[in-house]
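Chain by chain, the residues:
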Amino acid sequence: MLVFIRDAMHYGLFPSHYHADNLQKIQLALDADTAGTSARRDIALWMRFELLLTDAFIGIAHDLDIGRLAIDSTFLRPDSIFEPKPYFDQLKHLLSGGSLSSIMHAFEPKHSDYHLLKKGLSRFLDTANIQTQETYIDYPYLDSLVFIHQLTQRLKELGTISWKVEQVDTLVLKNAILRVQEQRGLTMDGKYGPQLIGSLNLNSREKMIRLAINLDRYKKLPKQMPERYIWVNIPGYYLALRENDSL
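Right, let's walk through the structure included here. (Residues numbered from 1 in each chain as written. Predicted model: local features only at pLDDT ≥ 70, side-chain atom pairs only at ≥ 80, totals over all residues. Heavy atoms only, no water.)

1. Some points on the packing of helix α3 (residues 43–65) against helix α4 (residues 85–95)
At a minimum axis separation of 10 Å, α3 and α4 run at an interaxial angle of 125°. One element, α3, and the other, α4, form an angle in the oblique class. The handedness of the crossing between α3 and α4 comes out as right-handed. Within the contact between the two elements, α3 uses Thr-54, Phe-57, Ile-58, Ala-61, His-62 and Asp-65 and α4 uses Tyr-87, Phe-88, Gln-90, Leu-91 and Leu-94. Grouping the constituent residues of the contact of α3 with α4 by class yields 7 nonpolar, 3 polar and 1 charged. (Axes fitted to C-alpha atoms, helices over the stretch in contact; angles between N-to-C directions. Helix = DSSP H or I, 4+ residues; strand = E, 2+ residues; numbered from the N terminus. Parallel < 35°, antiparallel > 145°, perpendicular 65-115°, else oblique. Left-handed = near helix turned anticlockwise from the far one by under 90°. Contact = heavy atoms within 4.5 Å. Nonpolar A, V, L, I, M, F, W, Y, C, P; charged D, E, K, R; others polar.)

2. Some details on the packing of aromatic side chains
With the rule as written, the count across this model stands at 9 aromatic pairs. Taking 4.3 Å as the distance between ring centres and 20° as the angle between the ring planes, the aromatic pair formed by Tyr-141 and Phe-147 counts as stacked. You can call Tyr-141 partly exposed: its relative accessible area is 33%. Of the residues examined, Phe-147 reaches a relative accessible area of 1% and is grouped as buried. Consider the rings of Phe-147 and Tyr-192, whose centres lie 4.9 Å apart with planes at 65°: the pair is edge-to-face. One end of the pair, Phe-147, is in helix α7 (residues 144–158); the other, Tyr-192, is in the loop between α8 (170–183) and α9 (194–201), with 45 residues separating them in the sequence. The partly exposed category is assigned to Tyr-192, whose relative accessible area is 34%. Among the aromatic residues, those joined into a ring-pair cluster are Tyr-139, Tyr-141, Phe-147 and Tyr-192. (Phe/Tyr/Trp six-rings, centres within 6.5 Å; stacked < 30°, edge-to-face > 60°. Buried < 20%, exposed > 50% of the residue type's maximum accessible area, 1.4 Å probe, protein only.)

3. A few points about the pairing of strand β2 (residues 238–243)
Of the pairings in the sheet, the one linking strand β1 (residues 228–233) to β2 comprises 6 bridges and is antiparallel in character. Within the sheet, the bridge partner assigned to Tyr-229 lies in β2 and is Arg-242. (Pairing = 2+ DSSP bridges.)

4. Section: the packing of helix α6 (residues 112–127) against helix α10 (residues 204–218)
Running from N to C, α6 and α10 point in directions that differ by 165°, and their axes come no closer than 10 Å. Judged by the inter-axis angle, α6 sits roughly antiparallel to α10. Between α6 and α10 the crossing geometry is left-handed. Contacts between α6 and α10 pair Asp-113, Tyr-114, Leu-117, Lys-118, Leu-121, Phe-124 and Leu-125 from the former with Ser-204, Lys-207, Met-208, Leu-211, Asn-214, Leu-215 and Tyr-218 from the latter.

5. As for unusual backbone geometry
The omega torsion across Tyr-139 and Pro-140 is 0°, close enough to zero to call that bond cis. If you trace the backbone, Pro-140 turns up in the loop between α6 and α7. Residue His-19 is not a glycine yet carries a positive backbone phi of 65°. Note on placement: His-19 falls in the loop between α1 (2–6) and α2 (20–32).

6. Description of the side chain of Lys-118
Here Lys-118 is to be found in helix α6. Take Lys-118: its relative accessible area is 13%, and that puts it in the buried class. Those residues in contact with Lys-118 that sit more than four places away from it in its chain are His-10, Tyr-11, His-105, Glu-108 and Leu-215.

7. Some thoughts on α9
Of all the residues in α9, the buried ones are Leu-196, Ile-197, Ser-199, Leu-200 and Asn-201. Residues of α9 that are buried sit in contact with α7, α8 and α10.

8. Concerning the pattern of salt bridges
If charged atoms from side chains of opposite charge come close, those side chains can pair. Using the criterion set out here, one finds 11 salt bridges in the structure. Across the pair Arg-6 and Asp-7 runs a salt bridge whose closest N-O atoms are separated by 3.3 Å. Overall, the relative accessible area of 57% leaves Arg-6 in the exposed class. The partly exposed category is assigned to Asp-7, whose relative accessible area is 30%. A salt bridge links Glu-108 to Lys-118; the nearest nitrogen and oxygen atoms lie 2.9 Å apart. Linking Glu-108 in the loop between α5 (100–107) and α6 with Lys-118 in helix α6, this pair joins segments that are 10 residues apart in sequence. Residues joined by salt bridges that share partners form a network here, namely Arg-68, Asp-216 and Lys-219. (Salt bridge = Lys/Arg side-chain N within 4 Å of Asp/Glu carboxyl O.)

9. Digging into the nonpolar core
Membership of the largest hydrophobic core comes to 44 residues, with the highest contact counts inside it found for Ile-60, Leu-64, Met-104, Phe-124 and Met-208. Elements represented by at least two residues in this core include exactly α1, α2, α3, α4, α5, α6, α10 and β1. Element by element, the count of residues in this core is highest for α3, at 10 residues. Every residue in contact with Leu-64, bar those within four places of it in the chain, is listed here: Tyr-11, Leu-13, Met-104, Phe-107, Glu-108, Pro-109, Tyr-114 and Lys-219. Formed by 13 residues, the second largest nonpolar core is a distinct cluster that contains Phe-147, Leu-155, Ile-177 and Ile-197. (Core = buried A, V, L, I, M, F, W, Y, C linked by side-chain atoms within 4.5 Å.)

Dropping the structure here:
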């Protein structure tokens, strides 16, 4: 369970939502007590460990099944009422020797495009640096000094301005912006605007959030799609007629 939580991003989930830090602290305390004289004899600690793991299991099962997006008019599954019994039934199955990964996979959507996106997410995570905190630039801005500071920090993180440069003047800033615009195929005018800021703010963590949201959108679809339907992809500018899983 601890390994599953650690790798939750591969499912479009975030470990922090499932007590990852608290569970790790308890695990470290138990591992450190090799003599079995302190943490391993703490009944309250074991109870807390069990409660957090149980809550994490139910939370992950729910989020893989229904998702975290609000249930609104786009929710196409026939039953939108939260019913915890299936999750507790699977928890009992797990405790009696069931496979955790098989149980969790059973809750996921069966839609083929969901699994294609999930594979793409895994490839993205192989190279993305989600843990590094990258500066987010507030735009449109209310305070120009704060904005320039955020922009400068982000450009330094990208390496277009050296960390050794303490005073960033207009020329240094313009040249750094031009390099970023050239690297990213943006309009090269040396000015900051919505196009540049939008590109700078689309960091690895933001991409991860967008991928997670799109995975959750598949959970709004019926568990069993109709035998014949038209799938419209507006951002991709295409539609597909599908019949019995054939395109």
